[in-house]
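Coordinate inspection notes
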Amino acid sequence: MKFVDEYRTEDGAAQFLRAIETTVTRPWTLMEICGGQTHTLIKFGIDQMLPRAITLVHGPGCPVCVTPLELIDRAIAIARRPDVIFTSFGDMLRVPGSESDLLSVKAQGGEVRMVYSPLDAVKLAQQNPEKEVVFFAVGFETTAPPNAMAVFQARQWGLKNFSILCSHVLVPPAMEAILGSPRNLVQGFLAAGHVCAVMGYQEYEPLAPKYHAPIVVTGFEPLDLLQGIYMAVKALEEGRATVENQYTRAVTRAGNISAQKLVRQVFAVTDRQWRGIGKIPNSGLRLQPEFAAFDAETRFAVGDISATESAVCIAGEIMQGLKKPHHCPVFGAACTPEHPVGAPMVSPEGACAAYHRYGRGFSA
Amino acid sequence: MCLGVPGKIMSIDENAIGMTMGKVNFAGIVKEVCLAYVPEARVGDYVVVHVGFAISKVDEQQAADVFSFLQDMGDLGELNIPQPE
Ligand code: SF4
């Protein structure tokens, strides 16, 4: 496949690895933000090929992992209503709420459907005028333009039976929360390429010098990640806290202007709760007042939700780079992909699922 | 959720309310994709597609960057370190 296969060659990987080995002189801890990148790093064994001096920790860029439990419980309550068709990306269906998950609601007769695109949910609303169609709008800056377009289109079609349950989050405030924490261990970041394809990378430019942490906008294929790691290590070794772009084939400094424009029209910045991490100021998106009619949270009063988190799950510490999945006492024992205790064991972008699937962190 | 996949635009058209849509080929699998966010893209261009939306055009010239970077490092001798037999 063009623009995929050529970034997976062993030769290229060996060259980057050698370059990293000759550059590194002391221990460094890097965090990749995006769960998709975590998965590639573990799947291709890049974490194990790197010099021991380099530690990769895995960031909060897993939408399924950071969506608050309270909202998952709310989604479940809405999905149980007989007048509702509840739609979501597939990853969200298995995330454990306080007592249940969306798949169980479906098994009990609720209309829960997996969609590939938010526009599919809009189409369902058109085809089922007697039903309320709700879309679970989660994710980072990458899903915000598609979800904004879905709401915008629903308004243009004059749909009265479409709404979204919105839990959008933004990457730069989370990076700042990690870097600003007194417990922080992260010295350099691989920023998520597709988030930057949408937003550009100007927002990172004040962060890097403020926290003395180089930030490299990085793509998703093995060679992209190796080059990103090389660039970050080189910057660290040279004492530079700069923002660099590895992923030039898809990312420009300004990002995708037309996408940003619609996102701003439909959504406003708001404080958000991150599951396992807590509230981060200005770290999310909510609907603009002009689009309030499409807000499922106000459309469906489902009463007070009191969410109860698992007492053992350490997902929050993992996503802040303080711990690794196998430091969790129930990793691979009580918590497995078949019976997940926490969200990072569910999503293919979750660090716990990646470690489990590719056999990391089990004692030999 | 943020995994974008590169595909080639086969055709471009508009839906009933004027939104630019297109057929995009991912190594043989053709999907209907919203192209509203890549107004500059033309048939034959590659775009990164994410949940049914093209979020950026793949810059064919920049795509060689990774390899010219490797080439330059090689030329500079940074990689000419002795390898164990
Ligand atoms: S292994 Fe399971 S319980 Fe432990 S941190 Fe990961 S998701 Fe949470």
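Scoring rules and cut-offs
Residues numbered from 1 in each chain as written. Chains lettered and ligands numbered in written order. Predicted model: local features only at pLDDT ≥ 70, side-chain atom pairs only at ≥ 80, totals over all residues. Heavy atoms only, no water. Helix = DSSP H or I, 4+ residues; strand = E, 2+ residues; numbered from the N terminus. Buried < 20%, exposed > 50% of the residue type's maximum accessible area, 1.4 Å probe, protein only. Contact = heavy atoms within 4.5 Å. Areas by Shrake-Rupley, 256 points an atom, 1.4 Å probe, with all protein chains shown as cover. Lys, Arg positive; Asp, Glu negative; His and termini not counted. Charge placed at Lys NZ, Arg CZ, Asp CG, Glu CD. Buried area = accessible area lost by both parts, 1.4 Å probe. Polar contact = N/O pair within 3.5 Å; in protein donor to acceptor, adjacent residues only side chain to side chain. Nonpolar A, V, L, I, M, F, W, Y, C, P; charged D, E, K, R; others polar. Pairing = 2+ DSSP bridges. Axes fitted to C-alpha atoms, helices over the stretch in contact; angles between N-to-C directions. Core = buried A, V, L, I, M, F, W, Y, C linked by side-chain atoms within 4.5 Å. Salt bridge = Lys/Arg side-chain N within 4 Å of Asp/Glu carboxyl O. Domains from an automatic or database assignment.

1. So, the overall build of chain A
For chain A, the helix and strand inventory stands at 16 helices and 11 strands. Buried residues in chain A amount to 61% of all 364 residues. If you take every contact in chain A between residues at least 6 apart in sequence, the share linking residues at least 24 apart comes to 78%. When the accessible area of chain A is evaluated, it comes to approximately 13800 Å², of which 52% is carbon and sulfur surface. If the 33 positive side-chain charges of chain A are averaged to one point and the 35 negative ones to another, these points end up 2 Å apart.

2. Some words on the interface of chain A and chain B
Each side of the interface is counted separately: chain A has 51 residues, and chain B has 43 residues. Summing the contributions of chain A and of chain B, the shared interface buries around 4100 Å²; its carbon and sulfur component is 70%. Counting across the interface, chain A meets chain B through 9 residue pairs in polar contact (both at pLDDT 80 or more). Mapped by element, the contributors of at least two residues to the side of chain A that touches chain B are α1 (10-23), α4 (63-66), α7 (118-127), α8 (144-156), α10 (193-199), α12 (222-237) and α13 (257-266) of chain A. For the side of chain A that touches chain B, the residue count by class is 29 nonpolar, 15 polar and 7 charged.

3. Observations regarding the sheet that holds strand β1 (residues 28-34) of chain A
Residue and element names in this part refer to chain A. Ordered by their spatial adjacency, 5 strands build an open sheet running β2-β1-β7-β8-β9, and the pairing between neighbours is parallel. Here the strands that pair on one side only, and so sit at the sheet edges, are β2 (54-61) and β9 (243-245). Shown here is a sheet whose adjacent strand axes are inclined to one another by a mean of 25 degrees, direction ignored. When strand β8 (residues 215-218) meets β9, the two strands line up parallel, connected through 3 bridges. Residue I215 lies in a different strand from β9, and its bridge partner there is V243. On top of the sheet, helix α2 (residues 35-43) reaches β1, β2, β7 (188-192) and β8; it is set at about 120 degrees to β1, its chief contact.

4. With respect to unusual backbone geometry
One non-glycine residue, A:N282, lies in the positive phi region at around 50 degrees. Mapped onto the elements of the fold, A:N282 is located in strand β11 (residues 278-287). The phi torsion at B:A27 lies on the positive side, around 45 degrees, for a residue other than glycine. One can find B:A27 in the loop between β2 (20-26) and β3 (29-34).

5. Considering the nonpolar core
Residue and element names in this part refer to chain A. Counting 133 residues, the largest nonpolar core has F86, F136, F162, Y204 and I229 as the members making the most contacts within it. Broken down by element, this core gets its largest block of residues, 9 residues, from α12. Not counting chain neighbours up to four residues away, the residues in contact with I229 comprise I20, L30, L41, I46, L50, I54, L56 and L190. Judged by nonpolar contacts, the second largest core, of 12 residues, contains I42, I314, C328 and A354.

6. Section: the pattern of salt bridges
Residues and elements named next belong to chain A. If you walk through the whole model with that rule in mind, you get 21 salt bridges over all chains. Notably, a salt bridge pairs E290 with R155, separated by 2.8 Å at the nearest N-O pair. Separated by 135 residues along the polypeptide, E290 in the loop between β11 and α14 (296-299) and R155 in helix α8 bring together distant segments of the chain. Overall, R155 belongs to the partly exposed group, its relative accessible area being 34%. Overlapping salt bridges, with partners in common, bring together K234, E238, R240 and E244 in one network.

7. With respect to α7(A)
If you check which residues of α7(A) are buried, you get A:P118, A:L119, A:A121, A:V122, A:L124 and A:A125. Among the residues of α7(A), the N-terminal cap falls to A:S117, whose side-chain oxygen and the backbone nitrogen of A:L119 are separated by 3.1 Å.

8. Digging into the sheet that holds strand β5 (residues 132-139) of chain A
Residues and elements named next belong to chain A. Spatial strand order, β4-β3-β5-β6-β11-β10: 6 strands in an open sheet with mixed pairing. The sheet is open, and its two edges are formed by β4 (111-114) and β10 (267-274), each paired on a single side. Averaged over all pairs of adjacent strands, the angle between their axes in this sheet comes to 25 degrees, without regard to strand direction. The strands touched by helix α5 (residues 69-79) are β3 (84-88), β4, β5 and β6 (162-169); relative to β6, the strand with the most contacts, the crossing angle is about 170 degrees. Strands β10 and β11 of the sheet are contacted by α13, whose axis makes an angle of about 80 degrees with β10.

9. Here we look at the domain arrangement of chain A
Residue and element names in this part refer to chain A. The assigned domain composition of chain A is domain 1 (5-62 + 172-245), domain 2 (65-170 + 257-299) and domain 3 (315-356). Every contact between the two is made by 17 residues of domain 1 and, on the other side, 14 residues of domain 3. Taken over both partners, the interface formed by domain 1 and domain 3 buries close to 1300 Å², and the fraction arising from carbon and sulfur atoms is 64%. On the domain 1 side of the contact with domain 3, H58, C62 and R183 bury the most area, a combined 37% of that side's loss. The interface formed by domain 1 and domain 3 holds 1 salt bridge in total. A salt bridge links E317 to R183; its shortest N-O distance comes to 3.3 Å. Across the contact surface, domain 1 and domain 3 share 3 residue pairs in polar contact (both at pLDDT 80 or more). For the side of domain 1 that touches domain 3, the secondary-structure elements that each account for two or more residues are α2 and β2. Counting residues per element, the side of domain 1 that touches domain 3 draws most heavily on β2, which supplies 6 residues. Residue classes in the side of domain 1 that touches domain 3 are distributed as 9 nonpolar, 7 polar and 1 charged.

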